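Understanding the architecture of this molecule
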Amino acid sequence: ELFTVSKDKSVHVLTVEEGRLDTRFPKAHTSALNCVLPIDNHVFATGDDNGGLKVWDLRKGSAVLEAREQEEYISAMAVDGNGKILLTASGDGTLGIFNVKRRRFELLSEPQNGDLTSVVLLKRGKKVACGSSEGTVYLFNWDGFGAASDRFALRAESVDCMVPITDSIVCVGSLDGVIRAVNILPNRVLGCVGQHLGEPIEQLAVAPGGQLLASCAHDQKVKFWDISALGGLVVDDYRKKKKKGGPLRALSGKAAGSGEDFFADLREETEPEAEEAAGSDSD
């Protein structure tokens, strides 16, 4: 099944193999919809441009949880492995925590700098990472969502989307068109997976099996990258000194049609230390 949400406030559930519209909620929200997240075979969540969240049960054909705890658009959502706790990132800089099983709002984090644009679970569910429009990755401890436990400022214009590759490595897409591989705790920029030259990255997705990363950007192209080598990377606590302005390490070739000078115009970011925060570079 394919879930889609749109500006006209509708939700569509389509059967992919038959190309058939299975379920439609024409006026699902009072504002334009921005994101959708399937939670299990019957339950899914939707977020809108005004901070509204709904959790739906297809068996009942209606919403089982409605909330508007955040002031700006819901940019991304994630759920824990048990399908119990739903996390929502918002343009107001907060991370929202909702209990799907008990159908209630739990708490909001303190506002961070800039819009929170993405949210993923790492370290076997013990850590939550949020990307921001300021180019910073904020880290939260599970059961400690009130305030960020650590932050890592990338030399990137923004962190517009983020997808986990392993329990410690995420790929992040930015306004500058570069897809970076980032290790979390210890915090390192590992290198460049690929890029859409000068075009903001809209979304990233990992194919089943974890060998390919798909990216789409404002150039209206979908590109695929071989990320099979990322799973074998080991990052230790020792930080080597690097020359400023050196080339950003290339971690992937495009799955097809990669040119010899593909990474030629990239220059390495100097890896800034994580800003002062409790638990920096440690669990």
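About the thresholds
Numbering of residues starts from 1 in each chain and follows the order in which that chain's sequence is written. Local features in this predicted model are restricted to residues of pLDDT 70 or higher, and side-chain atom pairs are both shown and tallied only at a pLDDT of 80 or more, whereas totals for entire chains, interfaces and linings draw on every residue. Note that the side-chain values use all heavy atoms of the structure and ignore hydrogens as well as water. UniProt positions are given in the numbering used here, feature names are shortened, and annotations may be inferred rather than shown by experiment. A run of DSSP states H or I qualifies as a helix once it reaches four residues; a run of E qualifies as a strand once it reaches two. Both are numbered from the N-terminal end. For each residue, the accessible area found with a 1.4 Å probe, counting protein chains only, is set against the maximum for its type, and the residue is called buried under 20%, exposed over 50%, and partly exposed in between. Surface patches are defined over residues having more than 30% relative accessible area and no salt bridge, joining like charges when they lie within 9 Å and nonpolar side chains (Val, Leu, Ile, Met, Phe, Trp, Tyr) when within 5 Å. Using the Shrake-Rupley algorithm and a 1.4 Å probe, accessible areas are obtained, with residue cover drawn only from the displayed protein chains. What makes a salt bridge here is a side-chain nitrogen of Lys or Arg within 4 Å of a carboxyl oxygen of Asp or Glu, nothing more. Two strands are said to pair when DSSP picks up at least two bridges between them. Lines fitted to the C-alpha atoms define the axes, with helices restricted to the stretch that makes contact. Angles between their N-to-C directions range from 0 to 180 degrees. Grouping buried Ala, Val, Leu, Ile, Met, Phe, Trp, Tyr and Cys residues that are joined through side-chain atoms within 4.5 Å yields what is termed a nonpolar core. All domain edges in this entry derive from an automatic or database-based domain assignment. Residues count as neighbours in contact if any of their non-hydrogen atoms are within 4.5 Å of one another.

Taking an unreviewed UniProt entry as the reference, the protein is identified by name as WDR55 protein belonging to Bucorvus abyssinicus. You can read under Sequence similarities (unreviewed entry) in the UniProt record for the protein the words "Belongs to the WD repeat WDR55 family."

Moving on: the environment of Leu95. Along the chain, the position of Leu95 falls in strand β10 (residues 95–99). Its relative accessible area of 0% is what places Leu95 among the buried residues. Linking Leu95 and Ser109, residues 14 residues apart in sequence, is a C-alpha distance of 5.2 Å.

Now for a nonpolar patch on the surface. Together, Leu212, Val222 and Phe224 make up a nonpolar patch on the protein surface, roughly 260 Å² of accessible area in all. In this structure, Val222 sits in strand β22 (residues 222–226). Its relative accessible area of 55% is what places Val222 among the exposed residues.

For the rest of this paragraph, the subject is the sheet that holds strand β4 (residues 33–38). Strand order in the open sheet made by the 4 strands is β4-β5-β6-β7, with antiparallel pairing throughout. This sheet does not close on itself; its edge strands, each paired only once, are β4 and β7 (62–67). Each strand of the sheet is rotated relative to its neighbour by a mean of 20°, with strand direction disregarded. Summarising the sheet, strand β6 (residues 53–57) and β7 pair through 5 bridges and their orientation is antiparallel. Along β7, the bridge assignment pairs Val55 with Leu65.

This part is about the pairing of strand β18 (residues 178–183). Most of β18 sits inside the fold, with 6 of its 6 residues counted as buried. By the alternation rule, side chains of β18 split into Val178, Arg180 and Val182 and Ile179, Ala181 and Asn183, which are all buried. Summarising the sheet, strand β17 (residues 169–173) and β18 pair through 5 bridges and their orientation is antiparallel. Within β18, the residue paired with Gly173 across the bridge is Ile179. Two successive antiparallel strands, β17 and β18, enclose a turn made up of 4 residues, where Gly177 displays a positive phi of approximately 85°. Taken together, β18 and the strand that follows it, strand β19 (residues 188–195), pair antiparallel across an intervening segment of 4 residues, in which Leu185 is found at a positive phi of about 55°.

Here the focus is the nonpolar core. In this structure, Ala129, Val137, Leu154, Val170, Val172, Val182 and Ile184 are the most contacted members of the largest nonpolar core, which totals 19 residues. The set of elements that each furnish at least two residues to this core consists of β12 (116–122), β14 (136–141), β17, β18 and β19. Split by domain, this core shows at least three residues from each of two domains, domain 1 (1–153) and domain 2 (158–236). Excluding its chain neighbours within four sequence positions, the residues that come into contact with Val170 are Val120, Leu122, Met162, Val163, Pro164, Ile165, Arg180, Ala181, Val182 and Ile184.

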